[in-house]
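What follows is the residue order along each chain.
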Protein chains: 2
Amino acid sequence: MTLDQTPRVTDHPVRLEARPLYQQIRDLLVKRIIDGIWRPGSYLPSEQQLCTELGVSIGTIRKAMEDLVSQGILERQHGRGTQVVAHSSAQSRFRFLRFVHADGRPLDPVAHLLRQSVRNATLEERRQLELDAHEKVLVLLRTRSEAGEPLVYEKVILPAEMFARLDLKTGADISEEIYVFYQKRCGVTIMRTQDQIGLDSADAAIAEALGTKTGEPVLHVRRISFGLDGRRVEYRQSWSARLKYQTELD
Amino acid sequence: MTLDQTPRVTDHPVRLEARPLYQQIRDLLVKRIIDGIWRPGSYLPSEQQLCTELGVSIGTIRKAMEDLVSQGILERQHGRGTQVVAHSSAQSRFRFLRFVHADGRPLDPVAHLLRQSVRNATLEERRQLELDAHEKVLVLLRTRSEAGEPLVYEKVILPAEMFARLDLKTGADISEEIYVFYQKRCGVTIMRTQDQIGLDSADAAIAEALGTKTGEPVLHVRRISFGLDGRRVEYRQSWSARLKYQTELD
DNA sequence: GAGTGGTCTAGACCACCTG
DNA sequence: AGGTGGTCTAGACCACTCT
């Protein structure tokens, strides 16, 4: 973000880098969020303040911000200011929880953590999370239930170092979405996921958790989640005997 | 799009409607596309021309166009012009074909139309397509194969009137995506779909088409597709024994 | 070289929220 | 009333494409 002091007809700042100014500004804003200078939920300086601080025109700032709004990183409120998006339970559910009942009704589940452990990553897990050979993973086994009835069995694999401060309690029912804990406790914001849905047949653990028989067909969802910086931060597998997976394409 | 001739400090055109000018422009552009004034693949007038024609500034035109680009309705090419997006087979496949092989490899299938017929819509079909009681539907039964091996069995329900000019040949292998025919022959552009993925067990027709046994578990995808004007234009069900469904959320 | 979209600036005014 | 984001305008210059 450097000004060129050479006199020019319109006296523009100049792009020393090849990339457009507004993209550089955009990335600078993202960097400040990742670095924790602006935390989730807090307000950015006003457009005017950023203009003078960064020495660019307001249109350029706005264009950078619009990009981030459309990416879901910022949220603007007319008359009030611009906030870094903080994941709320309701919003995460709407955005990332794609299971619905067979008739299309939305789900409102509580999560129950069955077991957690830290161990070396398997080859598969290293590949999915792009981990080095020596890195350890935190493994969460949990169910999601509604009205006491278990509907989803889930195995969540996380890079242990990144999630050292996660500190979930085994055994308790939690209605808060886990992505909220990722953000609040570990500074990890999930921005994007890749989901793959297929058939599977229930093994003993799945059958017991979902109350079906071993070998019964179940829906299997394999998810890789990406953080603000684009790195892979979660590898999750979900199994369900009765729910459907719903999504929109555009 | 009306100019207010009252003298004002900055001599702006004025919004007689409550909605912002750029939104009115955006909707006007969409209307012209729907009305066939600008057809898929053709070029719009340049930004400058639209400015003078519509009596607004270039920034307003640009903002309207940017909206439509992000919706996938327009496509801009630097130095060349702005086009109405025409569905190509490759692009439709990338955008709307979500099946992949079990190992994640993308699919490159040919479609084979088994049977087509026109009949009254069932209650279920009327509900999914929001049709009136008397309306008829065009039913397509087809498979998608790769290397001669059938991988997907598909039942496509279309409002008969809207797709009167579709004119598909039964029995031939077609590698072109059907959405291209929708657009070219029937003027229907698919903009958005809602997909629901669940478990099913193969009935006789599915089992025969896919070469599996009746009662075997299969992946079941139920899709509703929406046109440019937001109306429901296609209700499709797909079954597959071996493929997975892959999608991204952000 | 002429024409197109892409970037960037500058400034006015409007609509909304908060004190 | 003062500050914030939202809309709209006007104009310069840049980068790309075609002929």
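Regarding its fold elements, chain A presents seven helices and eleven strands. Dimensions of chain A, computed from the C-alpha atoms along their principal axes, are close to 80 × 45 × 30 Å. A burial count over chain A gives 45% of its 250 residues as buried. Partitioning the intrachain contacts of chain A with sequence separation of at least 6 by distance along the chain shows that 59% fall at a separation of at least 24. Accessible surface, chain A: about 12,900 Å² in total, of which carbon and sulfur atoms supply 50%. Each charge class in chain A was averaged separately, 36 positive and 34 negative side chains, and the resulting centres sit 1 Å apart.

This part covers the relation of the copies chain A and chain B. The two copies are related by a screw operation: chain A maps onto chain B through 180 degrees of rotation and 0.0 Å of translation along the axis, at an RMSD of 0.1 Å. As the rotation angle and translation indicate, the two copies are arranged about a two-fold axis. When each C-alpha of chain A is compared by its distance to the rotation axis, A:Pro217 comes out closest, at 3.3 Å.

Mapped onto the elements of the fold, A:Asp195 is located in strand β8 (residues 190-201). The exposure class of A:Asp195 is buried, given its relative accessible area of 0%. In terms of polar contacts, A:Asp195 uses its side chain to reach the side chain of A:Thr193, at 3.2 Å. The residues touching A:Asp195, leaving out its near neighbours within four places in the chain, are A:Arg98, A:Val221, A:Arg222, A:Arg223, A:Tyr245, B:Tyr245, B:Gln246, B:Thr247 and B:Leu249.

With respect to burial, strand β9 (residues 217-227) of chain B is a largely interior element, ten of its eleven residues being buried. A loop of four residues connects β9(B) with strand β10 (residues 232-240) of chain B, the two strands running antiparallel in sequence, and B:Gly230 in this loop sits at a positive phi of about 90 degrees.

Facing the 30 residues of chain A at the interface are 30 residues of chain B. Summed over both sides, the interface of chain A with chain B buries roughly 2,500 Å², with 50% coming from carbon and sulfur. Broken down residue by residue, the surface that chain A buries against chain B is led by A:Gln196, A:Leu199 and A:Leu249, which jointly contribute 27%. Inspection of the chain A/chain B interface yields two salt bridges. Here B:Glu248 ties to A:Arg192 by a salt bridge, and the two come within 3.2 Å at their closest N and O atoms.

What follows is about the domain arrangement of chain A. Residues and elements named next belong to chain A. Under the domain assignment used here, chain A contains domain 1 (21-84) and domain 2 (89-245). Once you take the C-alpha centre of each, domain 1 and domain 2 turn out to be 32 Å apart. On the domain 2 side, the residues contacting the six residues of domain 1 number five residues. On the domain 1 side of the contact with domain 2, Ile 34, Pro 40 and Ile 73 bury the most area, a combined 63% of that side's loss.

We now examine the sheet that holds β10(B). Pairing within the open sheet is antiparallel, and its nine strands lie in the order β3(A)-β11(A)-β8(B)-β9(B)-β10(B)-β6(B)-β5(B)-β4(B)-β7(B). Lying at the two open borders of the sheet, with one neighbouring strand each, are β3 (99-100) of chain A together with β7 (173-174) of chain B. In this sheet, strand β6 (residues 149-159) of chain B lies alongside strand β5 (residues 136-146) of chain B in antiparallel orientation, the contact comprising ten bridges. Residue B:Leu138 lies in a different strand from β6(B), and its bridge partner there is B:Leu158. Here helix α4 (residues 89-96) of chain B sits on the sheet in contact with β11 (244-249) of chain A together with β8 (190-201) and β9 of chain B, set at roughly 55 degrees to β8(B).

Here we take up the pattern of salt bridges. Applying the stated criterion across every chain yields a total of 46 salt bridges over all chains. For A:Asp195, the salt bridge is made with A:Arg223, and the minimal N-O distance between the two is 2.8 Å. Here A:Arg223 lies in strand β9 (residues 217-227) and A:Asp195 lies in strand β8, a separation of 28 residues in the sequence. Assigned by exposure class, A:Asp195 and A:Arg223 land together as buried. The residue B:Arg144 makes a salt bridge to B:Glu154 at a minimum N-O spacing of 3.3 Å. Here the residue B:Arg144 occupies a position in strand β5, and B:Glu154 occupies one in strand β6, the gap between them amounting to ten residues. Residue B:Arg144 is classed as buried on the basis of its relative accessible area of 4%. Put simply, A:Arg93, A:Asp108, A:Arg142, A:Arg144, A:Glu154, A:Glu177, A:Glu234 and A:Arg236 are held in one network by salt bridges that share partners.

Right, let's talk about the environment of B:Thr214 for a bit. Residues and elements named next belong to chain B. Position of Thr 214 relative to the elements: it lies in the loop between α7 (204-210) and β9. Taking the relative accessible area as the measure of exposure, Thr 214 reaches 59% and is therefore exposed. In sequence terms Thr 214 and Ala 204 are ten residues apart; their C-alpha atoms lie 5.5 Å from each other.

Residue and element names in this part refer to chain B. In this fold, Leu 141 is placed in strand β5. Residues Leu 141 and Leu 68, spaced 73 residues apart in sequence, show a C-alpha to C-alpha distance of 34 Å. Not counting residues within four places of it along the chain, the set of residues in contact with Leu 141 comprises His 112, Leu 113, Leu 114, Arg 115, Tyr 153, Glu 154 and Lys 155.

Let us now look at the pairing of β11(A). As defined by bridge partners, β3(A) adjoins β11(A) across two bridges and the pair is classed as antiparallel. Within β11(A), the residue paired with A:Val100 across the bridge is A:Lys244. Two elements, β11(A) and β8(B), share five bridges in a ladder whose sense is antiparallel. Within β8(B), the residue paired with A:Leu249 across the bridge is B:Thr193.

A separate point is helix α3 (residues 58-70) of chain A. Residues and elements named next belong to chain A. Over its 13 residues, α3 runs 18 Å from end to end, which matches the ideal 18 Å to within 8%, given 1.5 Å per residue. Of the residues making up α3, those classed as buried are Thr 60, Ile 61, Ala 64, Met 65 and Leu 68. Angularly, the buried residues of α3 cover 130 degrees about the axis, an arc narrow enough to put them on a single face. The distance from a side-chain oxygen at the start of α3 to the backbone nitrogen of Gly 59 is 3.1 Å, and the residue carrying that oxygen is Ser 57. Two residues or fewer past α3, Gly 72 is found with a positive phi of approximately 80 degrees.

Residue and element names in this part refer to chain B. With their axes 8 Å apart at the nearest point, helix α1 (residues 21-34) and helix α3 (residues 58-70) run at an angle of 55 degrees to one another. Between α1 and α3, the crossing angle belongs to the class labelled oblique. Remark: the crossing between α1 and α3 carries right-handed chirality. Residues Leu 21, Tyr 22, Ile 25, Arg 26, Leu 29 and Val 30 of α1 form the contact with α3, whose own contacting residues are Thr 60, Ile 61, Lys 63, Ala 64, Met 65, Asp 67 and Leu 68. Of the residues contributing to the contact of α1 with α3, the split by class is nine nonpolar, one polar and three charged.

Rules and cut-offs
- Residues numbered from 1 in each chain as written.
- Chains lettered and ligands numbered in written order.
- Predicted model: local features only at pLDDT ≥ 70, side-chain atom pairs only at ≥ 80, totals over all residues.
- Heavy atoms only, no water.
- Helix = DSSP H or I, 4+ residues; strand = E, 2+ residues; numbered from the N terminus.
- Buried < 20%, exposed > 50% of the residue type's maximum accessible area, 1.4 Å probe, protein only.
- Contact = heavy atoms within 4.5 Å.
- Areas by Shrake-Rupley, 256 points an atom, 1.4 Å probe, with all protein chains shown as cover.
- Lys, Arg positive; Asp, Glu negative; His and termini not counted.
- Charge placed at Lys NZ, Arg CZ, Asp CG, Glu CD.
- Least-squares fit on C-alpha atoms with pLDDT ≥ 70 in both.
- Polar contact = N/O pair within 3.5 Å; in protein donor to acceptor, adjacent residues only side chain to side chain.
- Pairing = 2+ DSSP bridges.
- Buried area = accessible area lost by both parts, 1.4 Å probe.
- Salt bridge = Lys/Arg side-chain N within 4 Å of Asp/Glu carboxyl O.
- Domains from an automatic or database assignment.
- Axes fitted to C-alpha atoms, helices over the stretch in contact; angles between N-to-C directions.
- Expected span 1.5 Å × (residues − 1).
- Arc of directions from axis to C-beta.
- Parallel < 35°, antiparallel > 145°, perpendicular 65-115°, else oblique.
- Left-handed = near helix turned anticlockwise from the far one by under 90°.
- Nonpolar A, V, L, I, M, F, W, Y, C, P; charged D, E, K, R; others polar.

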